[in-house]
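The lines below spell out each chain.
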Amino acid sequence: MNFLRFLFFLGLLNIHISVGNFYLIILFTILFFSTFIIELNKSKILIFQKYYIKQLRFIYLYILLIFVAYTRDPEFPIIRFIYSLSFILFLLVYLSRIIEISIKSEKNNLFYFRKFIIYPFLYYIFLNFIFWLLNLKFNVKLDEEISIGKSLILSNFGFQVDRVNFAFSNGVNSYAVILGSIMTFFSVDIFLNKQWSLKILCLFFIVIICVLLTDARGAIVFPLIISLICYLFYYFKLKKIIKLTPLLFILLPIFAITIVPLLSNIEMFNQFSRNDTDLFTLNGRLFIWLFSFEDFMAFKIQHLFGYGFKGHVNSGVSQNWAFVFATYSSPETVHPHNSILSIIFDIGYLGLITMLIVINKVSKNIYLLYKISKKEALTFFAMLLFIIFISITESFLNDIYMNTFNLYISFFIYIIASEDNKLNIHQPIKIKK
């Protein structure tokens, strides 16, 4: 299992953009098919059994929609597509192993999620941090800004440091989503589940440093808000609200449009603005969203299934907001900075409905787990909340080339499959020890 975890870690390094992609494609593909062929006859490959296919069918549908969308891209990147497909197939086998182990074990499911999913991401962040300390960089970057400027947050504390685009990342914002996710997880896990080991505390401190270096305000503010929410849930037993989580996916962007511009009138918040109109326009996002809504208001058949990968580009709508991204090398290709809009552009209303069904299923399982273990449930709930919160300002649920997709697909599958079995929902399959 440690070997599979190491391969999972390797898959996070984004080296599919280098000459190493060919060898990893072969390795991931061989591992998938060898495991599938050998164990299928034994009925032991868990998430491909009939029961779990039924429970995970909407996640599988979502993954299928994403890959189909990539084939519809006029600039179809065949090598990166094959790499991502091989890694996703490997990931399914890897998750199946983790879930099988967690079902057999007396330990709770959080223990194995932390060990086999979160820790590899921590090591990935640590490696990025070491490369930054040694000033080691790669020339190849995806959607790179020409100039990313200074770290605004650190400058308020007297540190004049450039924002960092880390070596094994696909861009500042996408990497910040991962950092914010891990920071959110451990902000709750450390205190509720007493994860006080020196190794964890040191790695958590490195995560905080990396978040500050990316200067991603959402990755800093959202973990703090979510930690407070989880602690309130823990002490005041607000578990019923967990079932309403899917509504937040739709309502929070509306709330942000209404409330955040008002904060621009408050001096305390203005000191964290990059320019005079930053908060009032949500750093230009209001323009992006208005142009997007304008396209959706006049219904087109493409809205049902999307325009394919980079649908905002294929539809021509992104040309309208190119002026917002003057610091980018290709401003006309920049994504809508909202996961709902990106999903609709790429895979349509069908994709959005599918994602809402997945989030609803995950929230229900977390709610049921809360009745058994509040601390475990709230740690998972923190991750789900971060997905909801960061979806307001970033697009990450439909890009298979970013590790955010790998993290959240792993999270969704793990919560649905492992909790269904451990909580005895719908008479799940029993695994012989």
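Our structure is the block above this text.
Reference entry: report on the structure contained in this document. Predicted model, so just to flag it, every value in this text is computed and none were measured.

**Here we look at the packing of aromatic side chains**
Part 1: Counting across every chain of the model gives 37 aromatic pairs.
Part 2: Centroid distance phenylalanine 28 to phenylalanine 87: 5.2 Å. Interplanar angle 65°. Geometry classified as edge-to-face. Separated by 59 residues along the polypeptide, phenylalanine 28 in helix α2 (residues 21-40) and phenylalanine 87 in helix α5 (residues 78-104) bring together distant segments of the chain.
Part 3: On the basis of relative accessible area, phenylalanine 28 is assigned to the buried category, the value being 0%.
Part 4: Judged by its relative accessible area of 2%, phenylalanine 87 falls in the buried class.
Part 5: Here phenylalanine 113 and phenylalanine 380 contribute two aromatic rings whose centre-to-centre distance is 5.5 Å and whose plane-to-plane angle is 75°, an arrangement assigned as edge-to-face. Note that phenylalanine 113 is positioned in helix α6 (residues 109-133) and phenylalanine 380 in helix α17 (residues 374-390), a separation of 267 residues in sequence.
Part 6: Ring-pair connections join several aromatic residues into one group, and the members of that group are Phe8, Phe28, Tyr83, Phe87, Phe90, Tyr94, Phe121, Tyr124, Phe166 and Tyr175.
Part 7: The ring of phenylalanine 111 carries the charged tip of lysine 107 above its face, separated from the ring centre by 4.8 Å.
Part 8: The aromatic ring of tyrosine 234 is capped on one face by lysine 374, whose charged end is 4.5 Å from the ring centroid.

**Some words on the packing of α5 against α6**
Part 1: One can describe the packing of α5 onto α6 by two numbers: an axis separation of 9 Å at closest approach and a directional angle of 150°. In this view, α5 runs roughly antiparallel relative to α6, as classed from their interaxial angle. Of the two possible hands of crossing, α5 and α6 adopt the one that is right-handed. On α6, the residues touching Tyr94, Leu95, Ile98, Ile101 and Ser102 of α5 are Asn109, Tyr112, Phe116, Ile117 and Pro120.
Part 2: The residue makeup of the contact of α5 with α6, split by class, is eight nonpolar, two polar and no charged.

**Concerning the pattern of salt bridges**
Part 1: Summed over all chains, the structure comprises three salt bridges.
Part 2: A salt bridge links glutamate 100 to lysine 104, with the nearest nitrogen and oxygen atoms 3.3 Å apart. A residue pair is termed a helical-turn pair when its members lie 3 or 4 positions apart in one helix, as glutamate 100 and lysine 104 do in helix α5 at four residues.
Part 3: Judged by its relative accessible area of 8%, glutamate 100 is buried.
Part 4: The class for lysine 104 is partly exposed, based on a relative accessible area of 30%.
Part 5: As a salt-bridge pair, lysine 300 and aspartate 295 come within 2.9 Å of each other at their nearest N and O atoms.
Part 6: Residue lysine 300 is classed as partly exposed on the basis of its relative accessible area of 31%.

**Some words on a positive patch on the surface**
Part 1: On the surface, a cluster of positive charge is made up of Lys240, Lys243, Lys364 and Lys371.
Part 2: Note on placement: lysine 364 falls in helix α16 (residues 339-370).
Part 3: The class for lysine 364 is partly exposed, based on a relative accessible area of 43%.

**Notes on the packing of α16 against α17**
Part 1: Contact geometry for α16 and α17: axes closest at 8 Å, N-to-C directions at 160°. Viewed along their axes, α16 and α17 adopt a mutual orientation that is roughly antiparallel. Between α16 and α17 the crossing geometry is left-handed. Residues Ile359, Val362, Ser363, Ile366, Leu369 and Tyr370 of α16 form the contact with α17, whose participating residues are Lys374, Glu376, Ala377, Leu378, Phe380, Phe381, Leu384 and Ile388.
Part 2: Its residues placed into classes, the contact of α16 with α17 shows 11 nonpolar, one polar and two charged.

**Observations concerning empty space enclosed by the protein**
Part 1: By the definition in use, this model includes three cavities of 30 Å³ or more.
Part 2: Empty space within the second largest cavity amounts to approximately 50 Å³.
Part 3: Along the walls of the second largest cavity sit Asn14, Tyr124, Phe168, Ser169, Asn170, Ser174, Tyr175, Ile178, Met402 and Asn403, which together make up its complete lining.
Part 4: Broken down by element, the residue count for the lining of the second largest cavity peaks at three residues, all from helix α8 (residues 172-192).
Part 5: Residue classes in the lining of the second largest cavity are distributed as five nonpolar, five polar and no charged.

**Topic: the nonpolar core**
Part 1: Residues Tyr124, Phe186, Ile366, Tyr408, Phe411 and Phe412 are the most contacted members of the largest nonpolar core, which totals 144 residues.
Part 2: Among the elements that make up this core, the one with the highest residue count is α16 (15 residues).
Part 3: Apart from the residues within four sequence positions on either side, tyrosine 408 is in contact with Val177, Ser181, Met383, Phe386, Ile387, Phe396 and Leu397.

**A closer look at the side chain of serine 174**
Part 1: With respect to the helices, strands and loops of the structure, serine 174 is situated in helix α8.
Part 2: By relative accessible area, which is 11% here, serine 174 ends up buried.

**Some details on a nonpolar patch on the surface**
Part 1: The grouping of Leu228, Leu232, Tyr235, Phe236, Leu238, Ile241, Leu244, Leu247, Ile250, Leu251 and Ile254 at the surface amounts to a nonpolar patch, some 1100 Å² of accessible area in total.
Part 2: Of all elements in the fold, only α10 (217-236) and α11 (245-263) reach the threshold of two or more residues within the nonpolar patch.
Part 3: Along the polypeptide, leucine 244 turns up in the loop between α10 and α11.
Part 4: For leucine 244, a relative accessible area of 46% puts it in the partly exposed group.

Calculation criteria
- Residues numbered from 1 in each chain as written.
- Predicted model: local features only at pLDDT ≥ 70, side-chain atom pairs only at ≥ 80, totals over all residues.
- Heavy atoms only, no water.
- Phe/Tyr/Trp six-rings, centres within 6.5 Å; stacked < 30°, edge-to-face > 60°.
- Helix = DSSP H or I, 4+ residues; strand = E, 2+ residues; numbered from the N terminus.
- Buried < 20%, exposed > 50% of the residue type's maximum accessible area, 1.4 Å probe, protein only.
- Lys NZ or Arg CZ within 6 Å of the ring centre and 35° of its normal.
- Axes fitted to C-alpha atoms, helices over the stretch in contact; angles between N-to-C directions.
- Parallel < 35°, antiparallel > 145°, perpendicular 65-115°, else oblique.
- Left-handed = near helix turned anticlockwise from the far one by under 90°.
- Contact = heavy atoms within 4.5 Å.
- Nonpolar A, V, L, I, M, F, W, Y, C, P; charged D, E, K, R; others polar.
- Salt bridge = Lys/Arg side-chain N within 4 Å of Asp/Glu carboxyl O.
- Patch = residues over 30% accessible without salt bridge, like charges linked within 9 Å, V, L, I, M, F, W, Y side chains within 5 Å.
- Areas by Shrake-Rupley, 256 points an atom, 1.4 Å probe, with all protein chains shown as cover.
- Lys, Arg positive; Asp, Glu negative; His and termini not counted.
- Charge placed at Lys NZ, Arg CZ, Asp CG, Glu CD.
- 1 Å grid on protein atoms, 1.4 Å probe; cavity = no way out; pocket = protein on both sides within 12 Å on 5 of 7 lines; lining within 4 Å.
- Points joined across faces, edges and corners; volume = space filled by probe spheres on them.
- Core = buried A, V, L, I, M, F, W, Y, C linked by side-chain atoms within 4.5 Å.

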